[in-house]
Amino acid sequence: MKIKISRVPEGHSVLSQDMTVGGGDAQGLVLEGTVSCIADLDRLQAQVHARVRYQCVVQLECSRCLAPVRQPVSGEFRLVMQERSHASGRTMLPDDEVDLFFDDASGEVDLSPFILDEILLSVPMKPLCSEDCRGVTPKGDPAVTVEYEGRQKSTDPRWKALEKLKDKNREI
Ligand SMILES: [Zn+2]
């Protein structure tokens, strides 16, 4: 998402843009389509306060069975931008309160790296196609079969209690 600072008016304005992510900047991220971005901008002379909302769908692989997983990702963050040249008569914020500097009024700022960072942070480390994905297990894997059979054979004591109740009812 790129913003032409010279076109940002004083006061409040809203800018929406679709951002394409790809190539070397993507850090291995594969997106379905583009990232929809909406920026609420509040300009006060040399400062622009931005609230950026983003929404996209990330294509991942299930960490157990490698099936494709569609992960919708959305969020928002705030950013403070300030003109670098310290013109006199303007209130300037201290540097540590500024996230991004722009060089002059005609410059363009690129918010893409910030948005990309936010998306990368919200992507799960170990995506799953479903909570109970059993993964890729070769058929007849002894470990899995034994566990399954064991569960089927054992009768839960609570069921036994229920059966006793049933018998009682029959007697009445
Ligand atoms: Zn899976």
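Everything here concerns the structure above.
Calculation criteria
Residues numbered from 1 in each chain as written. Predicted model: local features only at pLDDT ≥ 70, side-chain atom pairs only at ≥ 80, totals over all residues. Pairing = 2+ DSSP bridges. Helix = DSSP H or I, 4+ residues; strand = E, 2+ residues; numbered from the N terminus. Axes fitted to C-alpha atoms, helices over the stretch in contact; angles between N-to-C directions. Contact = placed C-beta atoms within 7 Å. Core = buried A, V, L, I, M, F, W, Y, C linked by C-beta atoms within 7 Å. Buried ≥ 20, exposed ≤ 12 C-beta atoms within 10 Å, placed from the backbone.

This paragraph deals with the sheet that holds strand β6 (residues 100-102). Strand order in this open sheet of 5 strands is β2-β3-β4-β5-β6, and the pairing throughout is mixed. Taken across any chain shown, the strands that pair with only one partner, and hence form the sheet edges, are β2 (11-19) and β6. Across the sheet, the mean angle separating the axes of adjacent strands is 25° when strand polarity is ignored. Note that strand β4 (residues 47-61) and strand β5 (residues 68-83) share 15 bridges and pair antiparallel. The residue bridging C56 from the neighbouring strand is V73, located in β5.

Another aspect to go through is the environment of V35. Tracing the sequence through the fold places V35 in strand β3 (residues 30-44). Separated by 23 residues in the primary sequence, V35 and V58 place their C-alpha atoms 9.6 Å from one another. Sequence-distant contacts of V35, that is, excluding residues within four places in its chain, are made with D18, M19, V21, Y54, C56 and I115.

Ranked by internal contacts, the top residues of the largest apolar core, which has 18 residues, are I3, A39, A50, V52, Y54, L111 and I115. Contributing elements (two or more residues each) for this core: β3, β4 and α1 (112-122). It is β4 that provides the largest number of residues to this core, a total of 6 residues. Ignoring anything within four residues of it in the chain, the contact list for L111 reads M1, I3, V52 and L79.

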